[in-house]
Amino acid sequence: MGREYSLTEIFAIKFVLADVVIIMALLFAGPLYAVAITALLLASVFLAWYLTQRVGTRSDRDDAPDASDPVTRLQNRYAAGELSESEFEAKLERLIDANERAERAGVETEELSLERSN
């Protein structure tokens, strides 16, 4: 297929094209049209930047583990050395118990995929 352009290259091309359009508007239509076109081009650049930032943020969020997941938070605390092994196991056991009680009560919970290891 075609060459893929980086975001920087796309913005550079857009600015060169914008300069050409603004100069043409100044030459043929007058200063009022040039100002209007400049405002539209700046708005489109801002919109393109905003949308690329949102898309990047959303994909990062989808790839990252869910920070609100209690098991993940517990694992992160254990990995950071905030919890001893016995504290980690006790807290994990409480999470498993709470998840099992919720399932028995028919309460919808997010999938924690917790199983007791006997």
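Relevant structure appears above.
Residues numbered from 1 in each chain as written. Predicted model: local features only at pLDDT ≥ 70, side-chain atom pairs only at ≥ 80, totals over all residues. Heavy atoms only, no water.

**Focus: the overall build of the protein chain**
Test applied: A run of H or I in DSSP counts as a helix once it spans at least four residues, and a run of E counts as a strand once it spans at least two, with each numbered from the N terminus. With a 1.4 Å probe rolled over the protein chains alone, any residue whose accessible area is under 20% of its type maximum counts as buried; one over 50% counts as exposed, and the rest are partly exposed. Residue contacts are defined here by distance: any two heavy atoms, one from each residue, within 4.5 Å place the two residues in contact. The protein chains shown are the only cover counted for residues, whose accessible areas, like all others here, come from Shrake-Rupley with a 1.4 Å probe.
Across its full length, the protein chain holds four helices and zero strands. Going through the 118 residues of the protein chain one by one, you find that 15% of them count as buried. Within the protein chain, contacts between residues separated by at least 24 positions form 26% of all contacts whose residues are at least 6 apart in sequence. Entry remark: accessible area of the protein chain is about 9,600 Å², with carbon and sulfur atoms responsible for 60%.

**Some details on the environment of Ile96**
Residue placement: Ile96 occurs in helix 4 (residues 85–105). Along the primary structure Ile96 and Val71 are separated by 25 residues, whereas in three dimensions their C-alpha atoms are 9.5 Å apart.

**What about the pattern of salt bridges?**
The line we're drawing: Salt bridge, as used here, is a side-chain nitrogen of Lys or Arg placed within 4 Å of a carboxyl oxygen of Asp or Glu.
A full pass over the atoms with the stated rule returns one salt bridge. Residues Glu82 and Arg77 are paired through a salt bridge, measuring 3.2 Å at the closest nitrogen-oxygen approach. Given a relative accessible area of 51%, Glu82 falls into the exposed group.

**Examining a nonpolar patch on the surface**
Going by this rule: Patches here are clusters of residues that have more than 30% relative accessible area and form no salt bridge, with a 9 Å joining cutoff for like charges and a 5 Å cutoff for nonpolar side chains (Val, Leu, Ile, Met, Phe, Trp, Tyr).
A cluster of nonpolar residues, Val16, Val20, Ile23, Met24, Leu27 and Phe28, forms a patch on the protein surface that exposes about 640 Å² of accessible area. Residue position: Phe28 is located in helix 1 (residues 7–28).

**Regarding helix 4**
Heads up, the rule is: Any helix carries an expected span of 1.5 Å times its number of residues minus one. The directions from the helix axis to the C-beta atoms are what the arc is built from.
Helix length check: helix 4, at 21 residues, gives a terminal C-alpha distance of 30 Å against a target of 30 Å (1.5 Å per residue), a fit within 8%. Here helix 4 has its buried residues at Phe88, Ile96, Asn99 and Ala102. The buried residues of helix 4 occupy one face: seen down the axis, they fall within an arc of 125°. Counted as exposed and oriented over 90 degrees from the buried face of helix 4: Ser86, Arg94, Arg104 and Ala105. Buried positions along helix 4 lie against helix 3 (70–79). Phi turns positive, to about 80°, at Gly106, one or two residues after helix 4.

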